[in-house]
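Secondary and tertiary structure notes
Chain by chain, the residues:
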Amino acid sequence: MNEHDSETISGMLQQRGYMEALERDAADIAIINTCSVRENADKRFFGTLGQLKKLKVKNPDFVTCVCGCMMQQEHITEAVKQKYPWVDIIFGTHNIHEFPDMLEQLYEARAAKAAGSEQDAEAAEGPVPTDSAGLCTEDRRAYNIAKHDVRSAKDTRVVRVYDDKKEIVEGLPAKRLYRHKSFVNIMFGCNNFCSYCIVPYTRGREKSRMPEDIIDEVKNLVADDVREVTLLGQNVNSYKGVDARGRQWDFTDLIYALNDVDGLERIRFMTSHPKDLSDRLIKAFVECRKLCNYIHLPVQAGSTEVLARMNRKYTREQYIELVRKLREAVPDIAISTDIIVGFPGETEEDFEDTLKLAEEIRYDSAFTFLYSIRKGTPAAEYEDQIPETVKHERFNRLVDIMNACSREKNAAYVGRTEKVLIEGESKKGSGMLTGRTETFKLVDFPGDPALAGQIRNVKITDSNTFSLKGELID
Ligand code: 5AD
Ligand code: SF4
């Protein structure tokens, strides 16, 4: 979701003639889009912000902007305002569309301030002072101006962080990360309030886009060479769109409609909450040719007691049954998951339940996280927090199992022929292309970059934990 917000911000700037700087030191503007889901991101944010001060001292015209979910938390926004005076623009997740306007506002405020200080300087005209070292060079003057500006970014600063009461803003541009595949938001916010999670507080309550707006966006993307869309929402299964005639659409209705869009080849979605995954959606995997055989289905924990305290609203048994139904309907479906280790009160037995569940399900891949306290969430107040050393020890045990499983799943692809959407040249270079199977496996193979955007048969020749190797066979 954040990545897609960054694409929108880049798209809006590009539309106004801005270009991406190739090096950090060459930039006139820096925008840090923040994530508040886990603590690590918080730490990196403040570190990066510190580094940007140097650029501001070198170039007083430099513009520092911060945005994203972290800015939706009052204690963070206040800390930025107080401790980082060189920050020029602060905006929240509901104000992204206003960013170009805020930039204009900043430039106007700076121009007005510069006009004011020119008048002051004229009024106080006199000899240029020298410092104790006898220096009164232009450099020293420039340095003083820069220092002054760093201190005083506060009086031109633009801040817009609103709540989520407003309507969804349609029609924003996006500078896509990939030419042939795209993210498409179908809804915003979350109503689930898992007890560890900050998202409902930062992204607000669920709001669904109109189905016509989504379908039109997908058609426009297809006209612009996109072959694959990933529908985005914190919980896509609770999508509730209302069309222009007042008819209610659920997520499965949307999938069937998109399956009929000419020129679109693949549909993916994330994320699915297990409690809301319907039998109709499972059927759609079978009936909709374009819906890829892959699902990200976060389990979070393997112990029913922990799941209850996480407020996930399903039991271990219900989750296992859901996976059984999915695999019965779509035998080669790939499944990935999210797991949190060290949730407050997690006993060794609870954790072993998670290990056993992972062994039983045999995921294709998993994102594993150390539980981190998020201020303002119920779990932050739970008394039985797990010591960091225990969390790390459990985390390592879990990762070993998950990686072994991914290796095994990938090894089973060797010798198979897979349809791969070619994304372009591999990061590894040297004439290699990269693409994804329907099941979201990354494949590297030799080939001509002109093939990007095509879906071709690739024979899988080798595998490792996180990717496959292959060769084009037609
Ligand atoms: N600590 C650790 N992991 C978390 N996640 C969300 N909140 C936390 C937290 N406080 C994980 C969940 C979610 C993923 C996006 O991030 O596993 O599915
Ligand atoms: Fe967070 Fe739960 Fe909502 Fe996912 S479903 S965004 S984990 S509250």
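Quantities reported herein were computed from a predicted structural model and do not represent experimental measurements.

Conventions adopted
Residues numbered from 1 in each chain as written. Chains lettered and ligands numbered in written order. Predicted model: local features only at pLDDT ≥ 70, side-chain atom pairs only at ≥ 80, totals over all residues. Heavy atoms only, no water. Near = heavy atom within 4 Å. Helix = DSSP H or I, 4+ residues; strand = E, 2+ residues; numbered from the N terminus. Nonpolar A, V, L, I, M, F, W, Y, C, P; charged D, E, K, R; others polar. Phe/Tyr/Trp six-rings, centres within 6.5 Å; stacked < 30°, edge-to-face > 60°. Lys NZ or Arg CZ within 6 Å of the ring centre and 35° of its normal. pLDDT = per-residue confidence, 0-100. Contact = heavy atoms within 4.5 Å. Buried < 20%, exposed > 50% of the residue type's maximum accessible area, 1.4 Å probe, protein only. Pairing = 2+ DSSP bridges. Right-handed = clockwise from strand over helix to strand, strands pointing away. Axes fitted to C-alpha atoms, helices over the stretch in contact; angles between N-to-C directions. Salt bridge = Lys/Arg side-chain N within 4 Å of Asp/Glu carboxyl O.

To continue, consider the site of ligand 1. Every residue near ligand 1 is listed here: Val 37, Arg 38, Tyr 196, Gln 300, Asp 338, Ile 340, Phe 369, Leu 370, Tyr 371, Ser 372 and Arg 374. Counting residues per element, the ones that place at least two in the shell around ligand 1 are strand S13 (334-341) and strand S14 (365-370). Partitioned by chemical class, the residues of the shell around ligand 1 number 6 nonpolar, 2 polar and 3 charged.

Attention now moves to the site of ligand 2. Lining the immediate environment of ligand 2, one finds Cys 190, Asn 192, Phe 193, Cys 194, Tyr 196, Cys 197, Val 199, Pro 200, Gln 234, His 273 and Arg 312. Its residues placed into classes, the shell around ligand 2 shows 7 nonpolar, 3 polar and 1 charged.

This part takes up the packing of aromatic side chains. Tallying each qualifying case throughout the model produces 12 aromatic pairs. Aromatic pair Phe 91 and Phe 99: ring centres 4.9 Å apart, planes at 20°, arrangement stacked. Three or more aromatic residues joined by ring pairs form one cluster here, namely Phe 45, Phe 46, Tyr 84 and Trp 86. Positioned over the ring face of Tyr 413 is Arg 416, at 4.1 Å from the centre of the ring. The aromatic ring of Phe 440 is capped on one face by Arg 436, whose charged end is 4.1 Å from the ring centroid.

Moving on: the confidence of the model for the chain. Taken over all residues, the pLDDT of the chain has a mean of 91, while the share at 70 or more is 92%. Across residues 131-138, where pLDDT falls below 50, the model places 7 contacts with residues more than four positions away in sequence or in other chains.

Now for the pairing of strand S2 (residues 63-68). Looking along a regular strand, one sees the side chains alternate between the two faces of the sheet. Burial runs high along S2: 6 of the 6 residues are buried. Where strand S1 (residues 29-34) lies against S2, 6 bridges are found, and the strand directions are parallel. Its bridge partner being in S2, Asn 33 is matched across the sheet by Cys 67. In the classification by handedness, the crossover that spans S1, the intervening helix H2 (residues 39-58) and the parallel S2 is right-handed. Pairing geometry for S2 and strand S3 (residues 89-91), over 2 bridges, is parallel. Opposite Val 66, over in S3, you have Ile 90 as the bridge partner. Crossover S2 to S3 through helix H3 (residues 74-83) is right-handed.

The subject of this paragraph is the sheet that holds strand S4 (residues 158-160). For sheets, the rule is that strands pair by backbone hydrogen bonds, running either parallel or antiparallel. The parallel open sheet is built from 4 strands, whose spatial order is S1-S2-S3-S4. For this open sheet the edge positions go to S1 and S4, each flanked by a neighbour on one side alone. Going across the sheet, the axis of each strand differs from the next one's by a mean of 10°, ignoring polarity. Packed on one face of the sheet, H2 meets S1 and S2 and runs near 175° to S1.

Time to look at unusual backbone geometry. Across the junction of Met 270 and Thr 271, the peptide omega takes the value 5°, indicating a cis bond. Looking at the secondary structure, you find Thr 271 in the loop between strand S11 (266-270) and helix H9 (279-287). The phi torsion at Phe 193 lies on the positive side, around 50°, for a residue other than glycine. Its place among the elements puts Phe 193 in the loop between strand S6 (187-188) and helix H6 (199-203). Phi is positive for Arg 362, close to 55°, though the residue is something other than glycine. On the accessibility criterion, Arg 362 (24% relative accessible area) is partly exposed.

Take the pattern of salt bridges next. Inspection of every chain in the model, using the stated rule, returns 36 salt bridges. The residue Lys 275 makes a salt bridge to Asp 276 at a minimum N-O spacing of 2.8 Å. Looking at Asp 276, the relative accessible area reads 25%, which means it is partly exposed. Close ionic contact of Asp 364 with Lys 441 constitutes a salt bridge, the shortest N to O distance being 2.8 Å. Of the two residues, Asp 364 is situated in the loop between helix H12 (348-361) and S14 and Lys 441 in the loop between strand S16 (432-437) and strand S17 (442-446); the sequence distance between them amounts to 77 residues. Per residue, the accessibility class of Asp 364 equals that of Lys 441, and both read buried. A single salt-bridge network, built from bridges that share partners, covers Glu 346, Glu 348, Glu 393, Arg 394 and Arg 397.

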